[in-house]
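A look at the structure
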Amino acid sequence: RQRQMCIRDSNGTSMGDFSLEAGGSSQLKTYQLKTSLTKAGNTSLSGTGNIFIPETSPRIDVDLDLQSLDMSFLSALGKEKITDVVGNLSGEVNLWGAIDDLKLRGDGTLDGLSMYIPSTNTRYAIADNSPVQFRDRLINFNESSLIETNSNTFARLSGNISHINFKAFRNS
């Protein structure tokens, strides 16, 4: 069975048409998933995998292919501390785990990513083709450049951001 819906970011801007197909066995409580996010004929996210729905905690295992996924939805996560996020993420990641404890594993590349920090009245960008690694609950940045866009000054960006189910974030 296939379902489609339009996904909008926190500003009400359409991120695209989200499609989800699922089929499987209600007796075995296992379902195969196929999903995509498409806007203006370009598919920025496609995935295939499984969901297992036992009596207790449902589990998911989905391989995702990201092609210039619009990262503007991160503005909502910044909670007015980080705003106006623009840019794209491409790569391959696996989303897995219990629904209430999701993890990512894979590698990606950031392009055109920048954000505004209201407390410093400054826009920062991350250099194009910057690698990013997803390791369970960690998002790793290795030896990228952070650019203050007004004065075009550079700093080294290296470290990680940890999360708990994509809600509680910490950097180190």
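Quantities reported herein were computed from a predicted structural model and do not represent experimental measurements.

A few points about the environment of Ile60
Checked against the element boundaries, Ile60 lands in strand S5 (residues 59-70). Expressed as a C-alpha distance, the spacing of Ile60 and Leu95, which sit 35 residues apart in the sequence, is 7.2 Å. Sequence-distant contacts of Ile60, that is, excluding residues within four places in its chain, are made with Leu33, Asn50, Ile51, Leu95, Trp96, Gly97, Ile99 and Leu102.

Brief notes about the packing of aromatic side chains
In total, this model carries 0 aromatic pairs according to the counting rule given. One cation-aromatic arrangement involves Lys103 over Trp96; the distance from NZ or CZ to the ring centre is 5.1 Å.

Examining the pairing of S5
Sheet topology note: the strand S4 (residues 42-52)/S5 ladder contains 8 bridges and is antiparallel. Bridge pairing in S5 places Asn50 opposite Asp61. Adjacent in sequence and paired antiparallel, S4 and S5 are bridged by 6 residues. Pairing of S5 with strand S6 (residues 83-98), which is carried by 10 bridges, proceeds in the antiparallel orientation. Across the sheet, residue Leu64 finds its bridge partner in S6, namely Val93.

Quick look at the pairing of strand S10 (residues 138-148)
Pairing geometry for strand S8 (residues 122-126) and S10, over 3 bridges, is antiparallel. Looking at S10, one finds that Ala125 is bridged to Ile147. Summarising the sheet, strand S9 (residues 130-136) and S10 pair through 4 bridges and their orientation is antiparallel. Bridging across to S10, Gln133 finds its partner in Asn140. Hairpin connection from S9 to S10: 1 residue lie between these consecutive antiparallel strands.

Here we look at the pattern of salt bridges
As a working rule, side chains carrying opposite charge can pair if their charged atoms are close by. Counted according to the given criterion, the structure contains 7 salt bridges. Between Asp84 and Arg123 there is a salt bridge, with the nearest N and O atoms lying 2.2 Å from each other. In this pair, Asp84 is assigned in strand S6 and Arg123 in strand S8, connecting sequence segments 39 residues apart. Arg156 is paired through a salt bridge with Glu143; the nearest N and O atoms lie 3.3 Å apart. Separated by 13 residues along the polypeptide, Arg156 in strand S11 (residues 153-164) and Glu143 in strand S10 bring together distant segments of the chain. If you follow the salt bridges from partner to partner, you end up with Asp101, Lys103 and Arg137 in one network.

What to know about unusual backbone geometry
Residue Asp136 is not a glycine yet carries a positive backbone phi of 60°. Position of Asp136 relative to the elements: it lies in strand S9. Positive phi values are uncommon outside glycine, yet Glu143 reaches one of about 50°.

Thresholds, definitions, all that
Residues numbered from 1 in each chain as written. Predicted model: local features only at pLDDT ≥ 70, side-chain atom pairs only at ≥ 80, totals over all residues. Heavy atoms only, no water. Helix = DSSP H or I, 4+ residues; strand = E, 2+ residues; numbered from the N terminus. Contact = heavy atoms within 4.5 Å. Phe/Tyr/Trp six-rings, centres within 6.5 Å; stacked < 30°, edge-to-face > 60°. Lys NZ or Arg CZ within 6 Å of the ring centre and 35° of its normal. Pairing = 2+ DSSP bridges. Salt bridge = Lys/Arg side-chain N within 4 Å of Asp/Glu carboxyl O.

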